[in-house]
Structure formats: structure tokens, C-alpha cells
Amino acid sequence: MSFLAELSMYPMDKGESLSPYVARLVDVIRESGLTHHFGPMGTCIEGEDYNEVMAVVEQCFRALEPDC
């Protein structure tokens with residue numbers, strides 16, 4: 001069975017340009033090796049089970065946590 005999650009994550013207090021923060025998340029998602037689709041307001045991530053998809057979501061959160 002596949003698990004699909006849509007994620008939209010970005011800091012709200014970093015001014016107008018969020019590109020550096022979003023780029024970090026894009027790197028995490030691409031490096032995960034999971035099937036994904038980048039959309040205009042979110043990203044869909046697909047994996048074989050809940051835990052592997054949610055691990056990527058957790059890694060995204062941790063990537064922004066130090067300075068956001």
C-alpha cells in the first residue's frame with residue numbers, strides 16, 4: 001500500500017524572500033529518494049508506508065528548526 005502526504009512548510013517571520021529556506025526542504029525531499037511532486041503551494045510525497053513518508057516530513061521540520 002502507498003502512503004501520500006502533501007506538505008507545505010515555510011517560515012512566516014523571515015521577510016519576503018523564503019527561497020533559501022524552501023531550497024533546504026527541496027534538498028531533503030529530493031535526497032529521500034521517495035516519489036514526489038512539487039506544486040505551487042505544496043509538495044506531495046509518496047512512499048510505501050506511513051513511517052518512511054513521515055520521516056521525510058520530520059527531516060524537513062528539523063532542517064528549518066535551528067533558525068526558524
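Before reading further, recall that the structure is shown in the block above.
Residues numbered from 1 in each chain as written. Predicted model: local features only at pLDDT ≥ 70, side-chain atom pairs only at ≥ 80, totals over all residues. Heavy atoms only, no water.

Asker: Before we go on, may I ask you to explain the pattern of salt bridges in this structure?
Answerer: With the rule as written, the count across this model stands at three salt bridges. Close ionic contact of D67 with R24 constitutes a salt bridge, the shortest N to O distance being 2.9 Å. With D67 in the segment after helix 2 (50-64) and R24 in helix 1 (residues 19-32), this residue pair connects regions lying 43 residues apart in the sequence. Of the residues examined, R24 reaches a relative accessible area of 28% and is grouped as partly exposed. For E58, the salt bridge goes to R62, with nearest N and O atoms at 2.8 Å. You can see E58 and its partner R62 sitting in helix 2, four residues apart, about one turn around the helix. On the basis of relative accessible area, E58 is assigned to the partly exposed category, the value being 38%. For R62, a relative accessible area of 43% gives the class partly exposed. (Salt bridge = Lys/Arg side-chain N within 4 Å of Asp/Glu carboxyl O. Helix = DSSP H or I, 4+ residues; strand = E, 2+ residues; numbered from the N terminus. Buried < 20%, exposed > 50% of the residue type's maximum accessible area, 1.4 Å probe, protein only.)

Any functional reading would require information that these geometric values do not contain.
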